[in-house]
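# Descriptive structure summary
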Amino acid sequence: MKLRIFTEPQQGANYDTLLTVAKTAEQLEFDAFFRSDHYLAMGDSDGLPGPTDAWITLAGLARDTERIRLGTLVTAATFRLPGPLAIQVAQVDQMSGGRVELGLGSGWFAEEHAAYGIPFPADKFARLAEQLAIITGLWSTKLGDTFDFDGKYYRLADSPALPKPVQDPIPVVIGGTGATRTPALAAEYATEFNMPFSSAEDSARQFERVRAAARARGRRPEDLVYSNALVACVGANDADVARRAEAIGRDVAELKANGLAGSPAEVVDRIGAYAAVGTSRIYLQILDLHDLAHLELIASEVSSQL
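Before going into details, it helps to say that this report is about the structure given with it. Computed from a predicted structure; not experimentally measured.

Before going further, it helps to spend a moment on unusual backbone geometry. Cis geometry is found at the peptide bond from leucine 73 to valine 74, where omega equals -10°. Looking at the element boundaries, valine 74 is found in the loop between strand S3 (69-72) and strand S4 (75-76). Between aspartate 168 and proline 169 the backbone carries a cis peptide bond, its omega angle lying at 5°. Following the sequence through the fold, proline 169 ends up in the loop between strand S7 (155-159) and strand S8 (172-175). Look at aspartate 158: it is not a glycine, yet its phi comes out positive at around 55°. Structurally, aspartate 158 is set in strand S7. With relative accessibility at 56%, the residue aspartate 158 sits in the exposed group. Of note in this structure, phenylalanine 197 is not a glycine but carries a positive phi near 50°. In this fold, phenylalanine 197 is placed in the loop between strand S9 (192-196) and helix H7 (200-216). On the accessibility criterion, phenylalanine 197 (42% relative accessible area) is partly exposed.

Below you can see the structure in the form of structure tokens.
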């Protein structure tokens, strides 16, 4: 089981804060540092000092870190055209020496699109499918060949399909709870399927749908990585757990029911339930980015027991 750090900077974080968390995660030997791709705070947060762009952030981290893997959970397909996104991700992969992963989703938060003048089309899923075909197609085109695509939403003609990433291929993460289209899309394009904020039982059902879709496409289901994203709130004792829950505006009982919360022993047991259904990576959603002792506790008392 690999543990990854997953942040939500739209709730209020500048680059220096994110760099501190990423470097701490690297020093503590977490598997990766991921961030969301949002431009508007959610809930009661004022979002100060304001949003940071996911791929500009990761470009900086590519140069300011050395070993930790970097990625998005997930980039919104509505934010960027597929050709420029393929260029951005490939460039950051080069800048990091081959440490980048692309989580890509359809986009869902209508209010942030309205706030920053981003179109919010009704047919987002179909656009996502075309974006995945284009991005992976550009990266896999042989050097010297060109790439063409004639879709309903996007058309590319005589693209040199440059630049090339370091990794071949760049890992692509697709996730979600949809019963039919999402597993099919993951089976076609993903190297990893992620189940966000769901129980082990619900994850097991969705993982099996993805495995079935992979078999239908002639892929070996075991060639995909299966992962979960879950909020983390770990404490050395009940008082620590309560303090950390209060800091992020959550209830301890709710966190224990829906996330990874409690003592290190409790969290290790809960992770075991996910491992039993095939999860091999967990993205720990860390909502208080100034509580570095939280990361240290997880590394020393949870990671060490997995």
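Read on, since the account is not over.
If you look at the biggest cluster of nonpolar residues, it comprises 74 residues, and the most contacted ones within it are Ile5, Phe30, Phe33, Trp55, Trp139, Leu284 and Ile298. Looking at this core, the element that brings in the most residues is helix H5 (residues 124-140), giving eight residues. Residues within four places of leucine 284 in sequence aside, it is in contact with Leu3, Arg4, Ile5, Phe6, Phe30, Leu230, Ala232, Leu260 and Ile298.

This brings us to the packing of helix H3 (residues 82-96) against H5. Contact pair H3 / H5: the axes reach a minimum separation of 9 Å and the direction vectors enclose 45°. In terms of orientation, H3 and H5 fall into the oblique class. Note that H3 runs across H5; the crossing there is right-handed. In this structure, H3 uses Pro82, Gly83, Leu85, Ala86, Val89 and Ala90 to contact H5, whose residues at the interface are Gln131, Ile134, Ile135, Leu138 and Trp139. Of the residues contributing to the contact of H3 with H5, the split by class is nine nonpolar, two polar and no charged.

A word on empty space enclosed by the protein. Here the structure, examined in full by the defined rule, presents two cavities of 30 Å³ or more. Within this model, the largest cavity holds a volume of roughly 50 Å³. For the lining of the largest cavity, the residue count by class is five nonpolar, one polar and three charged. Size it by volume and the second largest cavity reaches roughly 30 Å³. Of all the elements in the fold, those that place two or more residues in the lining of the second largest cavity are strand S10 (225-234), helix H10 (264-276) and helix H11 (292-302). Class assignment of the residues belonging to the lining of the second largest cavity gives a composition of nine nonpolar, no polar and no charged.

Here is what the cut-offs are and how they apply
Residues numbered from 1 in each chain as written. Predicted model: local features only at pLDDT ≥ 70, side-chain atom pairs only at ≥ 80, totals over all residues. Heavy atoms only, no water. Helix = DSSP H or I, 4+ residues; strand = E, 2+ residues; numbered from the N terminus. Buried < 20%, exposed > 50% of the residue type's maximum accessible area, 1.4 Å probe, protein only. Core = buried A, V, L, I, M, F, W, Y, C linked by side-chain atoms within 4.5 Å. Contact = heavy atoms within 4.5 Å. Axes fitted to C-alpha atoms, helices over the stretch in contact; angles between N-to-C directions. Parallel < 35°, antiparallel > 145°, perpendicular 65-115°, else oblique. Left-handed = near helix turned anticlockwise from the far one by under 90°. Nonpolar A, V, L, I, M, F, W, Y, C, P; charged D, E, K, R; others polar. 1 Å grid on protein atoms, 1.4 Å probe; cavity = no way out; pocket = protein on both sides within 12 Å on 5 of 7 lines; lining within 4 Å. Points joined across faces, edges and corners; volume = space filled by probe spheres on them.

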